[in-house]
Amino acid sequence: MNEEFSALLRRFRLQGTAVSCERYGQGHINQTYLVVTDAGARYILQRINEHVFPDVDGLMENIVRVTAFLRERSDDPRAAMRVVPAEDGGSWLRTQGGCFRMYDFVEDTVCLQQPESDRDFYESAVGFGSFQSRLQDFPAATLHETIPDFHNTPDRYRQLREAVARDACGRASGVQAEIDFALSLEREMAVLQTMRTQGELPLRVTHNDTKLNNVLLDAHTRKAVCVIDLDTVMPGLSMYDFGDSIRFGAATAAEDARDLDAMTIDLGRYETFTRGFLASCRGLTSAELDCMPLGAKTMTMECGVRFLTDYLDGDRYFAVHREGQNLDRCRTQFRLVREMTRKWDDMRRIAEQARSV
Ligand code: ADP
Ligand code: GN1
Ligand code: MG
């Protein structure tokens, strides 16, 4: 561990003295490290991505308040993350190397990149569904909007158009087919946002980034333990959370797979998640329930549009580990949208059946 990290770690109130600090996890946004101390305690250190989250004070205030709220409503100490205070009692620190925060490592859990069984995926649905349910009484208006218009799909299209016009890296002509495909579905993909602005769908406190690797399952029982990655907890639509989970966890290929023919939606997984979400997230309106398939498709398309925009801009937002990775990610999402269209009647039928149970 270099001296810069040792000095940083000494400034958090840890149990014992840090003896190691290594890169950890597979997030696309923050830099995450696993910290171990000589007392055997483990922590998650994160360098907050200030390019994505410029208002670090507002971001951390949200997280401290949401985790405190959740902690009060559960007997399990692992049910909500704990922010480890810095030397001055604050929730984060600024150094020359950036902004850092620390969490207790949630022990005896697993973090999956894809479900290992239907049961795992069901439990992730229970994790995210009950997260949203538990936050129903949280005063939504007091949350900072950490990324304005985060799931405003028409605005994501606007950003795509701007990136095409800028063509900062000369990549646009090579991806005309992808641009055309995105634009061909623009109207359908605006429906959720229109319903939101017209008040047809209620605003709730949502997580907004419900990838499977943002929920931890108990290593032994495989029950959902703790929802993590709370940077985007903001007022939103229930179907953002439902849809983003389907996008990632009911897909048959990895987000950055190159073999597009391996990519489709696993309808068995889709059904499993739908059941888990409906069982744990009570009180959804019939308009929300009607939008389940559309939520899945819209979140998938929106994510593809964001990957394409970032590819055109030169990979400045999502971390990439190889050339073309954001384009590969865009292509898997677009293939998944096509597959959802092909299986649309089944997706609707399954959602209908699940809600009538
Ligand atoms: P990003 O915003 O970059 O996705 P995350 O907050 O999701 O960052 O963290 C990245 C990874 O670190 C997670 O997928 C998970 O594996 C791990 N992780 C994060 N917080 C914790 C925690 N409190 N306990 C255990 N593992 C964690
Ligand atoms: C990012 O932070 P992470 O890796 O869990 C992104 C999500 C995308 C996702 C795609 C703040 O999630 O919106 O859906 O990548 N988070 C942010 O994998 O932009
Ligand atoms: Mg994450």
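Above: the structure in question.
Basis of the calculations
- Residues numbered from 1 in each chain as written.
- Chains lettered and ligands numbered in written order.
- Predicted model: local features only at pLDDT ≥ 70, side-chain atom pairs only at ≥ 80, totals over all residues.
- Heavy atoms only, no water.
- Donors = N, O, S within 2.8 Å, 3.2 Å for Na, K, Ca; no water.
- Helix = DSSP H or I, 4+ residues; strand = E, 2+ residues; numbered from the N terminus.
- Buried < 20%, exposed > 50% of the residue type's maximum accessible area, 1.4 Å probe, protein only.
- Near = heavy atom within 4 Å.
- Polar contact = N/O pair within 3.5 Å; in protein donor to acceptor, adjacent residues only side chain to side chain.
- Areas by Shrake-Rupley, 256 points an atom, 1.4 Å probe, with all protein chains shown as cover.
- 1 Å grid on protein atoms, 1.4 Å probe; cavity = no way out; pocket = protein on both sides within 12 Å on 5 of 7 lines; lining within 4 Å.
- Sits in = over half its atoms within 2 Å of the grid points.
- Nonpolar A, V, L, I, M, F, W, Y, C, P; charged D, E, K, R; others polar.
- Domains from an automatic or database assignment.

Asks: Quick question: what am I supposed to make of the coordination of the magnesium ion (ligand 3) here?
Replies: The textbook angles at a metal center are 109.5 degrees for a tetrahedron of four donors and 90 or 180 degrees for an octahedron of six. Coordination sphere of the magnesium ion (ligand 3), protein contribution only: Asn-214 (OD1) and Asp-229 (OD), at 2.2 to 2.3 Å. Of the two residues, Asn-214 is situated in the loop between strand 7 (204-206) and strand 8 (215-218) and Asp-229 in the loop between strand 9 (224-227) and strand 10 (234-236); the sequence distance between them amounts to 15 residues. Owing to a relative accessible area of 25%, Asp-229 belongs among the partly exposed residues under this scheme.

Asks: Please explain the site of ligand 2 as it appears in this structure.
Replies: Among the 17 residues in the neighbourhood of ligand 2, the closest are listed as His-28, Lys-211, Glu-255, Arg-306 and Tyr-317. At a separation of 3.0 Å, an oxygen atom of ligand 2 approaches a polar side-chain atom of Asn-214. Within the complex, the protein chains bury 97% of what would otherwise be the 440 Å² of accessible surface of ligand 2. Of all the cavities here, the one that holds ligand 2 is the largest pocket. When grouped by side-chain class, the residues that make up the shell around ligand 2 number seven nonpolar, four polar and six charged. Looking at the shell around ligand 2, you find at least three residues from each of domain 1 (3-107) and domain 2 (118-355).

Asks: Where do I start with the site of ligand 1 in this structure?
Replies: As a structural note, the neighbourhood of ligand 1 is formed by 18 residues, with Asn-30, Gln-46, Val-106, Asn-214 and Asp-229 the closest of them. Across the complex, the protein chains shield 96% of the 540 Å² of accessible surface that ligand 1 would expose by itself. With respect to the pocket detection grid, ligand 1 is positioned in the largest pocket. Here the shell around ligand 1 is built from residues that sort into nine nonpolar, seven polar and two charged.

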